[in-house]
Amino acid sequence: MTTASRHRPPPLPTPRGPLSAAVAAALQGASAPDGLPDSPVYGDDLQLALYTLYELHYRGFEDVPDDLEWDSALLAFRAALEDRFLTALREDVPTTDTTATAALDALQVEPTADPDGTSVSFFLRDEGTLDQLREYAALRSLYHLKEADPHAWVIPRLHGRAKAGMVAVEFDEFGAGRPDEIHAELFADLMTDLKLETAYGHYVDAAPAEALATVNLMSLFGLHRALRGALVGHFAAVEVTSSPGSRRLAEALRRVGAGPAAVRFYTEHVEADAVHEQVVRRDVVDGLLESEPGLEADVVFGVRATAHLEDRLAARLLEAWRQGTTALR
């Protein structure tokens, strides 16, 4: 697939219930949804509906007019979905019992093994098959093919040390001026090595709600200035946990004989994110809280909401793989 065709807007995903069906119909010319049918917050229907609406702010969809990005009725419907999602996350994630520093310190306690069996990267390193690594990459493509984009939305909402640190890390994520080094492009190269389809959004229909929710979280935080502290917390959580997890995934890919581009994506993150972690903690998080100390609980919320949804995804993947079945829908 050529680079141009790979970056074309994807087709609309297949609906999974009344909410996502109403969104798809509205994007194809029907009236915007009126009312909000009941649906599990972390379930397929609501998460797909949110994902579809958020994608209007990224690549959009094939044959969907660009001006629907700011359609007032669709924005109102999205706000109602976001309210349900955010309310559930705030109920599930405590924020007043710790500081941002302590929340990030807790993520840095790096075990040498996985005694409770809840880590995807340990599982894949020690016993994952090539097919399981391909499934993992397919699901993670929803995240990694847009990895740095929603974090960039916070840049105009920061200033001083926090803005400078954020731009420094994002500069690396976007290839430091070299288009072939953009991390999203490196992940597409990984997918090619694993014989996966690299078209943007190709695996949405295969992705369970738990995978959609991890992507929706960073879109939710990125699109709302009021959640800038939570987005910084999300960004920090990703950078703090990336290096050791990437090392294990690189080892897993070497063990199953994956190609050099697949291994390179994760070895690149081992080195880059070890540096990014220090910049994010010292400059982005500390800089933000120095200028806006009232956002500390929001930073903690971003850190813990990220871990909460990643844990849900890990449980889904590991349950399927240990039963010898696919994690894809």
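Thresholds applied
Residues numbered from 1 in each chain as written. Predicted model: local features only at pLDDT ≥ 70, side-chain atom pairs only at ≥ 80, totals over all residues. Heavy atoms only, no water. Helix = DSSP H or I, 4+ residues; strand = E, 2+ residues; numbered from the N terminus. Rg over C-alpha atoms; globule rule 2.2 N^0.38 Å. Buried < 20%, exposed > 50% of the residue type's maximum accessible area, 1.4 Å probe, protein only. Contact = heavy atoms within 4.5 Å. Areas by Shrake-Rupley, 256 points an atom, 1.4 Å probe, with all protein chains shown as cover. Lys, Arg positive; Asp, Glu negative; His and termini not counted. Charge placed at Lys NZ, Arg CZ, Asp CG, Glu CD. 1 Å grid on protein atoms, 1.4 Å probe; cavity = no way out; pocket = protein on both sides within 12 Å on 5 of 7 lines; lining within 4 Å. Points joined across faces, edges and corners; volume = space filled by probe spheres on them. Nonpolar A, V, L, I, M, F, W, Y, C, P; charged D, E, K, R; others polar. Phe/Tyr/Trp six-rings, centres within 6.5 Å; stacked < 30°, edge-to-face > 60°. Lys NZ or Arg CZ within 6 Å of the ring centre and 35° of its normal. Core = buried A, V, L, I, M, F, W, Y, C linked by side-chain atoms within 4.5 Å. Expected span 1.5 Å × (residues − 1). Polar contact = N/O pair within 3.5 Å; in protein donor to acceptor, adjacent residues only side chain to side chain.

Caption draft 1: Quick look at the overall build of the protein chain. When its secondary structure is counted, the protein chain shows 14 helices and zero strands. Beginning at the N terminus, the succession of helices and strands in the protein chain can be written as α-α-α-α-α-α-α-α-α-α-α-α-α-α. Whereas a compact globule of 329 residues would reach a radius of gyration of roughly 20 Å, the protein chain reaches 19 Å, a difference of no more than 12%. Counting only C-alpha atoms, the protein chain reaches 55 × 45 × 40 Å along its principal axes. For the protein chain, the proportion of its 329 residues judged to be buried stands at 54%. Taking all contacts inside the protein chain whose residues are at least 6 apart in sequence as the whole, residues at least 24 apart take part in 80%. Only carbon and sulfur atoms are counted for the fraction: they give 52% of the accessible area of the protein chain, which is about 13800 Å². Counting 30 positive and 52 negative side-chain charges, the protein chain places the averaged centre of each group 2 Å from the other.

Caption draft 2: Inspection of the layout of surface pockets at higher detail. Of the pockets and cavities examined, the largest pocket occupies roughly 1300 Å³. Contributing to the lining of the largest pocket are 50 residues, with Ser-119, Ser-121, Thr-241, Arg-248 and Glu-310 lying nearest its centre. Mapped by element, the contributors of at least two residues to the lining of the largest pocket are α5 (100-107), α6 (120-126), α7 (130-144), α11 (209-223), α12 (228-255), α13 (260-291) and α14 (296-322). Among the elements that make up the lining of the largest pocket, the one with the highest residue count is α12 (eleven residues). Of the residues that constitute the lining of the largest pocket, the class distribution is 25 nonpolar, 14 polar and eleven charged.

Caption draft 3: Summary view of the packing of aromatic side chains. Applying the stated criterion across every chain, the model contains six aromatic pairs. For the ring pair Tyr-42 and Phe-85, a centre distance of 6.4 Å and an interplane angle of 80° mean the geometry is edge-to-face. With Tyr-42 in the loop between α2 (18-27) and α3 (44-55) and Phe-85 in helix α4 (residues 72-92), this pair connects stretches of sequence that are 43 residues apart. The exposure class assigned to Phe-85 is buried, which follows from its relative accessible area of 0%. Note on Tyr-58 and Trp-153: the rings are 5.3 Å apart at their centroids and 40° apart in plane angle, and the pair reads as tilted. Placement of Tyr-58 in the loop between α3 and α4 and of Trp-153 in the loop between α8 (149-152) and α9 (160-173) is noted, with a sequence separation of 95 residues between them. For Tyr-58, a relative accessible area of 17% corresponds to the buried category. When the ring centre of Tyr-200 is taken as reference, the NZ or CZ atom of Arg-59 above it lies at 4.0 Å.

Caption draft 4: Representation of the nonpolar core in the model. With 56 residues, the main nonpolar core has Leu-27, Leu-81, Phe-85, Leu-89, Phe-221, Val-285 and Phe-301 as its most contacted residues. In this view, Phe-221 contacts Arg-157, Leu-227, Ala-230, Leu-231, His-234, Phe-301, Gly-302 and Ala-305; residues no more than four positions away in its chain are not counted. Residues Phe-123, Leu-186, Tyr-266 and Ala-320 belong to the second largest nonpolar core, which totals 46 residues.

Caption draft 5: A look at α3. Spanning twelve residues, α3 covers 16 Å between terminal C-alpha atoms, matching the ideal 16 Å at 1.5 Å per step. The complete set of buried residues in α3 reads Asp-45, Leu-46, Gln-47, Leu-48, Ala-49, Leu-50, Tyr-51, Thr-52, Leu-53, Tyr-54 and Glu-55. In this structure, the buried side of α3 is in contact with α2, α4, α7 and α11.

Caption draft 6: Examining empty space enclosed by the protein more closely. Under the criterion given, the structure shown has five cavities of 30 Å³ or more. By volume, the largest cavity is sized at about 50 Å³. If you go around the largest cavity, the residues you meet are Tyr-136, Leu-139, Arg-140, Leu-142, Tyr-143, Ala-211, Thr-214, Val-215, Leu-313 and Leu-317. Of all the elements in the fold, those that place two or more residues in the lining of the largest cavity are α7, α11 and α14. No other element matches the five residues that α7 contributes to the lining of the largest cavity. The class makeup of the residues in the lining of the largest cavity is eight nonpolar, one polar and one charged.

Caption draft 7: Inspection of the environment of Glu-173 at higher detail. Note on placement: Glu-173 falls in helix α9. Of the residues examined, Glu-173 reaches a relative accessible area of 3% and is grouped as buried. Each C-alpha atom of the pair Glu-173 and His-269 lies 9.7 Å from the other, and the pair is 96 residues apart in sequence. A polar contact of 2.9 Å, which involves the side chain of Glu-173, links it to the side chain of His-183.

Caption draft 8: Here's a closer look at unusual backbone geometry. Positive phi is not limited to glycine here, since Asp-63 has a value of about 65°. Mapped onto the secondary structure, Asp-63 falls in the loop between α3 and α4. What makes Asp-63 exposed here is its relative accessible area of 74%. Here the phi dihedral of Ala-176 falls at roughly 50°; this positive angle occurs in a residue that is not glycine. If you trace the backbone, Ala-176 turns up in the loop between α9 and α10 (183-193).

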